[in-house]
Amino acid sequence: MNIEAVHTKLAAIEKRSQEISDLLVSEEVLQNPREMTKLSKEQARLESRVEAWHELQDLDARIEQAGEMQKESDAELKEMASEELEECVPKREALLEHIRHLLIPEDPDDDHDVIMEIRGGAGGDEGNIFAGDLYRMYTKYAESKGWKVEVMEASPSEAGGFSQIIFEIKGSNVYKFLKYESGAHRVQRVPKTESQGRIQTSTATVLAQPEAEDADIEIDPKDLTIETHRASGAGGQHINKTDSAVRIVHVPTGITVNCQEGRSQIENRETAMRLIRARVYEELKKEKEEAEGKIRRAKIGTGDRSEKIRTYNYPQNRVTDHRIGFTITQLDRVMEGKLDDIIAALQAADDKQKLEQEENA
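Residues numbered from 1 in each chain as written. Predicted model: local features only at pLDDT ≥ 70, side-chain atom pairs only at ≥ 80, totals over all residues. Heavy atoms only, no water.

Colleague: Pulling in residues and values, what's your account of unusual backbone geometry?
Modeller: Even without glycine at this site, Asn173 takes up a positive phi of about 55 degrees. Within the secondary structure, Asn173 is located in the loop between strand 3 (162–170) and helix 6 (174–178). Positive phi, normally seen in glycine, also occurs at Asn317, with a value near 50 degrees. For Asn317, a relative accessible area of 25% translates into the label partly exposed. (Helix = DSSP H or I, 4+ residues; strand = E, 2+ residues; numbered from the N terminus. Buried < 20%, exposed > 50% of the residue type's maximum accessible area, 1.4 Å probe, protein only.)

See the structure below:
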């Protein structure tokens with residue numbers, strides 16, 4: 001990206017920041033908490049870029065002034081100008097590199113909490129056991145970040161693990177770190193049920209979605225069909241004798257959720273609504289981007305549940321992320337929640353890809 005393009009982008013960002021400042025004190029926005037929250041978040045994202053723009057303008061002015069001083073005949077002034085340039089030029093180069101990264105398009109969902117869903121896939125019981133291993137891995141990772149984990153729905157498997165588990169992770173910038181986890185995770189190991197000691201390949205699928213906030217989406221109650229029914233499967237007596245389970249359908253998209261693990265219909269309804277909001281928000285965002293012809297840049301890969309993204313090879317203590325060709329021989333640490341190296345590699349690859357797209361735009 002040439003310097004003229006950088007100046008143009010930064011000037012536009014400063015103009016937008018000022019527009020937001022004016023809007024935030026307008027009567028219309030003051031009476032609309034949803035819009036105020038949305039605009040405040042946008043302004044916070046622009047702040048570091050505006051500061052960098054002001055710093056660049058200051059350095060440009062100092063360099064220009066020093067250049068004029070060098071034209072003077074006074075030796076002392078020339079020396080002062082040289083010293084000023086020796087200080088300012090390297091600072092400007094470093095600042096421009098910093099700005100290149102600041103101008104990488106941000107994902108507005110990065111600061112959101114995450115709703116994760118893990119399902120046992122191919123491999124029967126072993127797939128369910130692996131789903132449980134992944135849940136434990138993400139729980140350990142969340143603990144290391146100081147995040148809070150709350151199970152929303154769970155269907156334990158008799159052999160261990162889960163056929164399905166849905167949980168929320170709350171904290172600072174959760175989606176920024178976990179948005180790359182959606183897809184099919186493959187495990188290669190000798191199952192506990194395998195008497196011959198043969199290695200088996202099984203899978204579990206992960207879906208990581210940002211939890212929709214009030215400022216993100218407004219769902220018309222008329223678009224929802226809400227039903228109650230008796231829960232199926234294992235559970236306490238209150239589950240089997242009352243219509244505590246809740247099924248919600250978002251009619252325009254056909255998205256359906258069913259919640260039955262809560263102890264009351266109210267609890268299940270609240271959980272189902274949170275899931276519906278997250279899934280409808282993600283679906284509408286995807287449709288909007290496709291309609292505008294945009295390349296989805298929020299994730300490395302497609303982010304679809306069906307995409308094979310990672311293999312966990314137990315005999316060789318190896319984890320490979322297939323999207324970026326990254327391999328680490330520390331599977332034992334990874335399964336204990338030490339995901340930082342993998343996620344950092346994915347973030348770096350994502351930033352590089354976005355930077356190339358910006359510079360070629």
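So, next bit.
Colleague: Go over the domain arrangement of the chain, please, and point to the residues and values.
Modeller: By a frequent convention, interface size equals the accessible area lost on bringing the separate parts together. Each assigned domain of the chain is listed here: domain 1 (3–103), domain 2 (114–214 + 300–360) and domain 3 (221–292). Once you take the C-alpha centre of each, domain 2 and domain 3 turn out to be 24 Å apart. Taken residue by residue, the interface counts 16 residues in domain 2 and 15 residues in domain 3. Buried area between domain 2 and domain 3, summed over both chains or domains, comes out near 1,300 Å², and the portion from carbon and sulfur atoms is 48%. Along the contact surface separating domain 2 from domain 3 lie four salt bridges. Ionic pairing is found between Arg274 and Glu168, a salt bridge with its closest N-O pair at 2.4 Å. In this assembly, domain 2 and domain 3 are joined by four residue pairs in polar contact (both at pLDDT 80 or more). Among the elements of the structure, strand 1 (114–120), strand 2 (148–156), strand 3 and strand 5 (200–210) are those that each provide at least two residues to the side of domain 2 that touches domain 3. (Domains from an automatic or database assignment. Contact = heavy atoms within 4.5 Å. Buried area = accessible area lost by both parts, 1.4 Å probe. Salt bridge = Lys/Arg side-chain N within 4 Å of Asp/Glu carboxyl O. Polar contact = N/O pair within 3.5 Å; in protein donor to acceptor, adjacent residues only side chain to side chain.)

Colleague: For the sheet that holds strand 5, give the residues involved together with the corresponding values.
Modeller: Taken together, the eight strands give an open sheet; going across it, the order is 2-3-1-5-4-9-10-11, and neighbouring strands pair in mixed fashion. The open sheet has two free edges, formed respectively by strand 2 and strand 11 (326–328), since each of these has just one partner strand. Put simply, the sheet's adjacent strands are angled 15 degrees from each other on average, direction ignored. Relative to strand 5, helix 5 (residues 125–145) is tilted by about 45 degrees, and along the sheet it contacts strand 1, strand 2, strand 3, strand 4 (183–189), strand 5 and strand 9 (308–313). Along the sheet, helix 8 (residues 265–291) makes contact with strand 1, strand 2, strand 3 and strand 5, crossing strand 5 at roughly 90 degrees. (Pairing = 2+ DSSP bridges. Axes fitted to C-alpha atoms, helices over the stretch in contact; angles between N-to-C directions.)

Colleague: Requested: an account of the nonpolar core, with residues and values cited.
Modeller: Counting residues in each nonpolar core, the largest one holds 36 residues, and the members touching the most others are Met116, Ile118, Leu134, Tyr138 and Tyr312. Elements represented by at least two residues in this core include exactly strand 1, helix 5, strand 3, helix 6, strand 5, helix 9 (331–334) and helix 10 (340–360). Residue contributions to this core peak at eight residues, all from helix 5. Excluding its chain neighbours within four sequence positions, the residues that come into contact with Ile118 are Ala131, Leu134, Tyr135, Tyr138, Ser163, Gln164, Ile165, Phe167, Ala204, Thr205 and Val206. Residues Ile13, Val29, Leu39 and Leu59 belong to the second largest nonpolar core, which totals 19 residues. (Core = buried A, V, L, I, M, F, W, Y, C linked by side-chain atoms within 4.5 Å.)

Colleague: Give a detailed account of a negative patch on the surface, specifying residues and quantitative values.
Modeller: On the surface, a cluster of negative charge is made up of Glu72, Asp74, Glu76, Glu79, Glu83 and Glu86. Mapped onto the elements of the fold, Asp74 is located in the loop between helix 3 (33–70) and helix 4 (75–102). The class of Asp74 is partly exposed, set by a relative accessible area of 38%. (Patch = residues over 30% accessible without salt bridge, like charges linked within 9 Å, V, L, I, M, F, W, Y side chains within 5 Å. Areas by Shrake-Rupley, 256 points an atom, 1.4 Å probe, with all protein chains shown as cover. Lys, Arg positive; Asp, Glu negative; His and termini not counted. Charge placed at Lys NZ, Arg CZ, Asp CG, Glu CD.)

Colleague: Summarise the pairing of strand 4; cite the residues concerned and give the values.
Modeller: In terms of burial, strand 4 is largely enclosed, as six of its seven residues are buried. Examined bridge by bridge, strand 4 and strand 5 share seven bridges and lie antiparallel to one another. Across the sheet, residue Gln188 finds its bridge partner in strand 5, namely Thr201. Judged from the five bridges that link them, strand 4 and strand 9 form a sheet pairing that is parallel. Note that in strand 9 the partner of Gln188 across the bridge is Asn313.

Colleague: If you had to explain the side chain of Asn128 to someone new, which residues and values would you point to?
Modeller: Looking at where Asn128 falls in the secondary structure, it is placed in helix 5. Residue classification places Asn128 among the buried residues on the basis of a relative accessible area of 13%. Beyond its immediate stretch of four places on either side in the chain, Asn128 contacts Gly120, Ser157, Gly160, Gly161, Phe162 and Ser163.

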